[in-house]
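The primary structure of each chain is shown beneath.
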Amino acid sequence: MNRDNENPTENIGTEQDAPVEQDAPELTAQANDTPAEREEEWAGGCARVVGALKKFGKAAWEYCKGARIELLVLAAILVVDLITKALVGKFMTEGQSITVLPEFLYITYVRNTKAAFGSAFGLEKVMSDEAIRIIFLIITVLAVGVFCYLLYRLRKRHLLMRLAIAMIIGGALGNFFDRLVFAYVRDFIEIVFFGCNVPLLGKTFPVFNVADMGLTIGVLLFLIYFIAIYKEPKKSEPTTAGVSDGAAESAETENVSETNGAEQKNSPDESAAKTDSDSLVKTDNRESSIASQTTGEPKESDNA
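Here's a quick rundown of the structure. (Residues numbered from 1 in each chain as written. Predicted model: local features only at pLDDT ≥ 70, side-chain atom pairs only at ≥ 80, totals over all residues. Heavy atoms only, no water.)

## Looking at the sheet that holds strand E2 (residues 105-112)
Filter applied, for reference: For two strands to be treated as a pair, DSSP must find at least two bridges joining them. Strands are runs of DSSP state E lasting at least two residues, helices are runs of H or I lasting at least four, and both sets are numbered from the N terminus onward. As a rule, the C-alpha atoms of each element are fitted with a line to give its axis, helices using only the stretch in contact, and angles between N-to-C directions run from 0 to 180 degrees. Residue contacts follow a heavy-atom distance rule, with two residues in contact if any of their heavy atoms lie within 4.5 Å.
Here 4 strands make up an open sheet; going across it, the order is E1-E2-E3-E4 and the pairing antiparallel. Edge positions in the sheet fall to strand E1 (97-101) and strand E4 (204-208), since each has one partner strand and no second. Neighbour to neighbour, the strand axes of the sheet diverge by 30° on average, direction disregarded. One ladder, built from 3 bridges, connects strand E3 (residues 185-192) with E4; its direction is antiparallel. In the sheet register, valine 192 faces E4, and the bridge partner there is threonine 204. Here helix H2 (residues 68-91) sits on the sheet and contacts E2 and E3; the angle it forms with E3, its principal contact strand, is near 90°.

Next comes the structure, spelled out in structure tokens:
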């Protein structure tokens, strides 16, 4: 009896263990399938990114074909800025000054760890120079991206606005290169106000470079465009739109009146045609009745 009781338990144990051994390969197969699926998803995502980059490249190339002037201005500002900075950094030491026009223009080599014209907008009081550098790098990347998008979207607008945006981008890229590579901006142009003390500025203007000039001139041109040029199309657009809408409405009313007149002109002809057809039907009925009467009379006489 004990042997009989032991054998069923052993059989049950082996039967329960057997499915586990069979399910193990299936689990491993599923585990092996997941990396393949991930690879397929990764390949699909890479293909989408490559397709988007191709579309962007085609659009950028088509834009570059027709935007030669603003791109030349952008490249000129960037190249001149980097060349002048390289020359000053090679042949001058920090703090050295060369007189170009006495009491007015000097070349003074300064390493600026702040923003344009040596200003950090009060951030130096609460942040270190490295933190300020990182913040300005992030701001420059975002600003350049926005202005590049505007330059592409407004590619058919006035040339002055496109040149302004190109100058802003060129100046921003020049100072961005210095902050990224040297952790400071190389400034060298110093203007002195002939010994006079100018309010809010003092006796000298903050030392700057070609990139700062591009930024400043670009902003000024941008303001000039929106103040002097952009308002004229705004004022004329509603009038032209109103004239065009009025012309369209008048044309529609004329077409409607012409169709109504044509219908009115055609209506007497149609009524005349109807009357003629009615008269023809009546004459046909009379002739048929007369014919029936003439044919019926002989028959009545024969019967008589």
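## Examining the pairing of E3
Convention followed: Relative accessibility under 20% of the residue-type maximum defines a buried residue, over 50% an exposed one, and the middle range a partly exposed one, all with a 1.4 Å probe and only protein chains included.
When you tally the buried positions in E3, you get 7 out of 8 residues, the bulk of the element. With 6 bridges joining them, E2 and E3 adopt antiparallel strand pairing. Looking at the pairing, tyrosine 106 lines up with glutamate 190 of E3.

## Focus on the packing of helix H3 (residues 129-153) against helix H4 (residues 159-182)
To be explicit about the condition: For classification purposes, angles smaller than 35 degrees are called roughly parallel, those larger than 145 roughly antiparallel, those between 65 and 115 roughly perpendicular, and all remaining angles oblique. If you view the pair so one helix is near and one far, a crossing is left-handed when the near helix is turned anticlockwise from the far one by less than a right angle, and right-handed when it is turned clockwise. Asp, Glu, Lys and Arg are counted as charged, while Ala, Val, Leu, Ile, Met, Phe, Trp, Tyr, Cys and Pro are counted as nonpolar; the rest, among them Gly, fall into the polar class.
At a minimum axis separation of 10 Å, H3 and H4 run at an interaxial angle of 155°. Our classification of the angle between H3 and H4 gives roughly antiparallel. In the packing of H3 onto H4, the handedness of the crossing is left-handed. Side by side, H3 and H4 meet where Arg133, Phe136, Leu137, Thr140, Val141, Val144, Phe147, Cys148, Leu150 and Leu151 of the first sit next to Arg162, Ile165, Ile168, Ile169, Ala172, Leu173, Phe176, Arg179 and Leu180 of the second. Split by residue class, the contact of H3 with H4 holds 15 nonpolar, 1 polar and 3 charged.

## Topic: the pattern of salt bridges
As a working rule, side chains carrying opposite charge can pair if their charged atoms are close by. Definition in use: A carboxyl oxygen of Asp or Glu within 4 Å of a side-chain nitrogen of Lys or Arg is what we treat as a salt bridge.
Under the criterion given, the structure shown has 6 salt bridges. Notably, a salt bridge pairs aspartate 81 with lysine 85, separated by 2.9 Å at the nearest N-O pair. Of this pair, aspartate 81 and lysine 85 both sit in helix H2, 4 residues apart, which is roughly one turn of the helix. Exposure remark for lysine 85: the relative accessible area of 0% places this residue in the buried category. In this structure, the salt-bridge partner of glutamate 94 is arginine 111, at a minimum N-O distance of 3.9 Å. Note that glutamate 94 is positioned in the loop between H2 and E1 and arginine 111 in strand E2, a separation of 17 residues in sequence. Overlapping salt bridges, with partners in common, bring together Asp81, Lys85, Asp178 and Arg186 in one network.

## Focus: helix H5 (residues 210-229)
To keep it simple, the criterion reads: Expected span of a helix: the number of residues minus one, times 1.5 Å. Any pair of nitrogen or oxygen atoms within 3.5 Å is treated as a polar contact; in protein, a donor-acceptor pairing is required on top of that, and neighbouring residues in sequence qualify only through side-chain atoms on both sides.
An ideal rise of 1.5 Å per residue puts 28 Å on 20 residues; H5 measures up with 27 Å between its terminal C-alpha atoms. Along H5, the residues that are buried comprise Val210, Ala211, Asp212, Gly214, Gly218, Leu221 and Tyr225. The secondary structure elements touched by the buried residues of H5 are H2, H4, E3 and E4. Sitting at the head of H5, asparagine 209 places a side-chain oxygen 3.2 Å from the backbone nitrogen of alanine 211.

## Some points on the nonpolar core
To keep it simple, the criterion reads: The nonpolar core is taken to be a set of buried Ala, Val, Leu, Ile, Met, Phe, Trp, Tyr and Cys residues, with the residues joined through side-chain atoms within 4.5 Å.
In this structure, Leu151, Met161, Ile165, Ile169 and Leu221 are the most contacted members of the largest nonpolar core, which totals 17 residues. Looking at this core, the elements with two or more residues in it are H2, H3, H4 and H5. With 8 residues, the top contributor of residues to this core is H4. Among all residues touching methionine 161, those that are not within four sequence positions of it are Leu154, Phe222, Tyr225 and Phe226. Among the nonpolar cores identified, the runner-up in size contains 8 residues, and Val88, Tyr109, Phe188 and Phe208 belong to it.

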